[in-house]
Amino acid sequence: MSRQSNRTTESKKMNSELFTLTYGALVTQLCKDYENDEEVNKQLDKMGYNIGVRLIEDFLARSSVGRCHDFRETADVIAKVAFKMYLGITPSVTNWSPAGDEFSLILENNPLVDFVELPDNHSNLVYSNILCGVLRGALEMVQMAVDVRFAQDTLRGDNVTEIRMKFVKRIEENLPAGDE
Amino acid sequence: MADEALFQFLHNELIQYVYKSSEQGEMENARCITKLENMGFRVGQGLIERFTKDTARFKDELDVMKFICKDFWTSVFKKQIDNLRTNHQGIYVLQDNKFRLLSQLSAGKQYLEHAPKYLAFTCGLVRGGLANLGVKSIVTAEVSVMPACKFQVMIQKV
């Protein structure tokens, strides 16, 4: 039967399409529910955060990477292990600030926007903003406060998609008093 | 690629979002289910279009249903439907004994009342897929023991 032939290879791709399309449906719904794009961006970031704080556990369990010694190592793990594992892409890490506390992830292609075109009336929408939330949430769970934002986006006519990440501070664990 | 976890988390957020932005109550619950179902419908339409572009034409309705149970289900939920039954008059019951989106929930009775939230999107997914294959239907789901569930597809004759 001809129909059975190309199934196995297709099914992997299919699964990432499920994710892409579901995300699309979500953004569409948010755009319907909220008046302006800023609100949508905020909501996406929030949802990403919720995903991130859970995803980090899955990530640590699956990847068995150890503790990172500096922010550069963190950047490498995010780009080479995490993005590879969950989105099947490996962004490049560039544009380090002199102080070494800020860098960019350059995404050559972003699976989230596979079937997407932004209509004119959504010029302020940061379509993939959920990624910022995910990164922020996940890193917060490993005691790192970071600032994440989109610097460039292919959806808005830029050549590449660039996520800018800035290290804010190390989160100290506050143990409750008397609890060692 | 381990994006399966990613999809599950996204699906959970979808549900959280839809329910948080609504009021409590029976009416609202139905509205939330509809909203989730509609999102699933869109996704189902898109998926089936991508998925069937190189496949042969389907023989009949049953052939379509088998496709949903086997190929479609495997790609989306990593397993086949465990049991497909039909009365040959347009009603199909698809039984999944370990439904992926329920498997993370406690298997006891505790969260049974919340189960419909986790099925609505998939109902839409199936309905959307079928719709784009030219089969108009109504899809409902029921759970009696987690994580098993049954999807009932009622074909609407035109």
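Residues numbered from 1 in each chain as written. Chains lettered and ligands numbered in written order. Predicted model: local features only at pLDDT ≥ 70, side-chain atom pairs only at ≥ 80, totals over all residues. Heavy atoms only, no water.

Within an unreviewed UniProt entry, the label attached to chain B reads Trafficking protein particle complex subunit 6B, and the organism entered is Scleropages formosus. The UniProt entry for chain B carries the following comment under Function (unreviewed entry): "Component of a transport protein particle (TRAPP) complex that may function in specific stages of inter-organelle traffic. Specifically involved in the early development of neural circuitry, likely by controlling the frequency and amplitude of intracellular calcium transients implicated in the regulation of neuron differentiation and survival." (UniProt positions renumbered as here; feature names shortened; annotations may be inferred.)

An unreviewed UniProt entry annotates chain A as Trafficking protein particle complex subunit of Scleropages formosus. We quote the UniProt Sequence similarities (unreviewed entry) comment for chain A here in full: "Belongs to the TRAPP small subunits family. BET3 subfamily." The heading Subunit (unreviewed entry) in the UniProt record of chain A holds the text "Homodimer."

Further remarks concern the overall build of chain A. Secondary structure assignment for chain A yields four helices and four strands. When the elements of chain A are put in sequence order from the N terminus, they spell out α-α-α-β-β-α-β-β. Projected onto its principal axes, the C-alpha coordinates of chain A cover approximately 65 × 45 × 35 Å. The burial tally for chain A puts 48% of its 180 residues in the buried class. Pairs at least 24 apart in sequence give 57% of the contacts found in chain A among residues at least 6 apart. Counting every atom, chain A has about 9,700 Å² of accessible surface; 47% of that belongs to carbon and sulfur. Here chain A contributes 20 positive and 28 negative side-chain charges, whose respective centroids are spaced 5 Å apart. (Helix = DSSP H or I, 4+ residues; strand = E, 2+ residues; numbered from the N terminus. Buried < 20%, exposed > 50% of the residue type's maximum accessible area, 1.4 Å probe, protein only. Contact = heavy atoms within 4.5 Å. Areas by Shrake-Rupley, 256 points an atom, 1.4 Å probe, with all protein chains shown as cover. Lys, Arg positive; Asp, Glu negative; His and termini not counted. Charge placed at Lys NZ, Arg CZ, Asp CG, Glu CD.)

Once that is clear, we can look at the interface of chain A and chain B. Many authors give the size of an interface as the accessible area that is lost as the parts come together. Listed per partner, the contact involves 40 residues of chain A and 34 residues of chain B. Summing both partners gives a buried area of about 3,500 Å² for chain A against chain B, and 67% of it is carried by carbon and sulfur. On inspection of chain A and its partner chain B, the count reaches three salt bridges. Here B:E13 makes a salt bridge to A:R54, at a shortest N to O gap of 3.7 Å. Joining chain A to chain B, the criterion identifies four residue pairs in polar contact (both at pLDDT 80 or more). Secondary-structure elements contributing two or more residues to the side of chain A that touches chain B are α1 (7-33), α2 (37-63) and α3 (71-87) of chain A. (Buried area = accessible area lost by both parts, 1.4 Å probe. Salt bridge = Lys/Arg side-chain N within 4 Å of Asp/Glu carboxyl O. Polar contact = N/O pair within 3.5 Å; in protein donor to acceptor, adjacent residues only side chain to side chain.)

Let us now look at the sheet that holds strand β2 (residues 102-107) of chain A. Residue and element names in this part refer to chain A. A sheet is described by the order of its strands in space; here four strands give the open sequence β1-β2-β4-β3, paired in antiparallel fashion. Two strands in the sheet have a free side with no partner beyond their single neighbour: β1 (92-94) and β3 (144-152). Between one strand and the next, the sheet's axes are offset by a mean angle of 25°, whatever the strand orientation. Across six bridges, the pairing between β2 and strand β4 (residues 161-170) is antiparallel. (Pairing = 2+ DSSP bridges. Axes fitted to C-alpha atoms, helices over the stretch in contact; angles between N-to-C directions.)

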